[in-house]
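Reading the structure
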Amino acid sequence: MMWLILFGSLFLLGGASLLFLIYSVGRLPFIEVLTNGSKIMTWLLSALIIIAPTALIWMSYTVTNAIIVLLHLTVFWGLAEILRILAMKFDIATVSRSLSAAAGILITVLYLGLGWYQAHHVAQTEYTVTTDKKVGNLRIALIGDSHLGSTFDADGFAKHLKTIEKAKPDLLVIAGDFVDERTTKAEMIKATQALQDVNTPYGVYYVFGNHDKALYRPGSRDFTGDDLVAELEKNGVIVLQDESILLDDRFYIVGRQDASEEFDFGGSRAAIADLINPLDHSKYIIVLDHQPRDYAAEAKAGADLVLSGHTHGGQMIPLKQLINWFSIGQNDRLYGLEQRDNTNFVVTSGISDWAIQFKTGTKSEFVIVDVKEQ
């Protein structure tokens, strides 16, 4: 319900922004000259100037991205206009409407350009955690939320995997949302084949995210969750669905079904205690859980390290702040490393994005977690 309200508000604000920008363009001197003062022609020309590029963004990407551009342009143009009025009111300077409009557009382009870069450029983020368990030193590469086809295709994914390999991880884990409702089967197959070529001593491990099975929009794509599992396993990826595996007799990987099975799709998943209790707790226990929303139970059950994604790091300003303030989605953490009791939790902002092509409040990344025995 909270997300429905959020997206509903986004569409309403987008409509208001559209009207504000059409009105603001109509007040520019060159528009008045071109239309010879005709109000009807002014509105038509102003609407064309705003709606045409908005429609292009909509068709090229999504309506959400079009609304994001409109909202940011409204904010920056509006602030520039307020500053223009204040400057004139207090006799600080005489600024034309054209200049304030140009300033608003330029700031929007620069700001969203940076957001575009942060969404499409993948950084390496490193954390170090310690343990008194006899695990030695272990280097884990974590990726999440690739949403294949969003900011890169299968070829782009393969290039990112080569970059990850250069960090020399002992294993690669994928914390869900490898694909989503818009990913094609051909791209999915090609990307899973790229995973076969990843050279890590302990292999590649995967858990489902809330978008991987396309259950929000059944029938929206040309493959199923079972097809995805089959292709992953064909290419040597270990898929864990409420299962655990012991590696080298020194550490476990526990893979959880996503929380959406229980909260969104009417199914269920195993309690973390039921997955961890039978294990040998003298060995290091790593949990893969797409959504970071079960911290208390995971810490109580005795997990040593929990790796998650899903949040996209809060995505954008001010969405990141709103989520933190109002706990939208009930995530225990939006981003980064946190320790609770004897458990370390890491949330990645994701290697890509879902519907939005900008990250102004975070960055795209893959994560390297170094586990060091004390």
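Scroll up for the structure.
Since this is a predicted model, take the numbers as computed values, not measurements.

What follows deals with the sheet that holds strand β3 (residues 171-175). In sheet architecture, strand pairing relies on hydrogen bonds along the backbone and comes in two forms, parallel and antiparallel. Strand order in the open sheet formed by six strands is β1-β12-β2-β3-β4-β5, and the pairing between neighbours is mixed. Two strands in the sheet have a free side with no partner beyond their single neighbour: β1 (122-131) and β5 (237-239). Along the sheet, successive strands turn relative to each other by an average axial angle of 25 degrees, direction set aside. As defined by bridge partners, β1 adjoins strand β12 (residues 364-373) across ten bridges and the pair is classed as parallel. Paired with V122 across the strands is S364, a residue of β12. The strands that helix α8 (residues 225-234) touches are β4 (204-207) and β5; relative to β5, the one it contacts most, it runs at about 140 degrees.

The omega angle of the peptide bond from I317 to P318 is 10 degrees, so this bond is cis rather than trans. With respect to the helices, strands and loops of the structure, P318 is situated in the loop between β9 (305-308) and α12 (319-326). Phi at D248 is positive, roughly 55 degrees, even though this residue is not glycine. Phi at Q315 takes a positive value of approximately 70 degrees, unusual for a residue other than glycine. Judged by its relative accessible area of 6%, Q315 falls in the buried class.

With respect to the helices, strands and loops of the structure, S17 is situated in helix α1 (residues 2-26). Not counting residues up to four positions away in its chain, the partners in contact with S17 are L70, L71 and T74.

Looking now at the sheet that holds strand β11 (residues 343-347). What the six strands build is an open sheet, ordered β6-β7-β8-β9-β11-β10; its pairing is mixed. The strands lining the two open edges of the sheet, one partner per strand, are β6 (243-247) and β10 (336-340). Strand-to-strand, the axes of this sheet are offset by a mean angle of 20 degrees, without reference to chain direction.

Where helix α7 (residues 185-196) meets α8, the closest approach of the two axes is 8 Å, and the angle between their N-to-C directions is 30 degrees. When the axes of α7 and α8 are compared, the pair comes out roughly parallel. In the crossing of α7 with α8, the sense of the turn from one axis to the other is right-handed. Residues M188, I189, T192, L195 and Q196 of α7 touch α8, and the partners they reach there are D227, L228, E231, L232 and K234. Residues of the contact of α7 with α8, tallied by class, amount to five nonpolar, two polar and three charged.

Here is what the cut-offs are and how they apply
Residues numbered from 1 in each chain as written. Predicted model: local features only at pLDDT ≥ 70, side-chain atom pairs only at ≥ 80, totals over all residues. Heavy atoms only, no water. Pairing = 2+ DSSP bridges. Helix = DSSP H or I, 4+ residues; strand = E, 2+ residues; numbered from the N terminus. Axes fitted to C-alpha atoms, helices over the stretch in contact; angles between N-to-C directions. Contact = heavy atoms within 4.5 Å. Buried < 20%, exposed > 50% of the residue type's maximum accessible area, 1.4 Å probe, protein only. Parallel < 35°, antiparallel > 145°, perpendicular 65-115°, else oblique. Left-handed = near helix turned anticlockwise from the far one by under 90°. Nonpolar A, V, L, I, M, F, W, Y, C, P; charged D, E, K, R; others polar.

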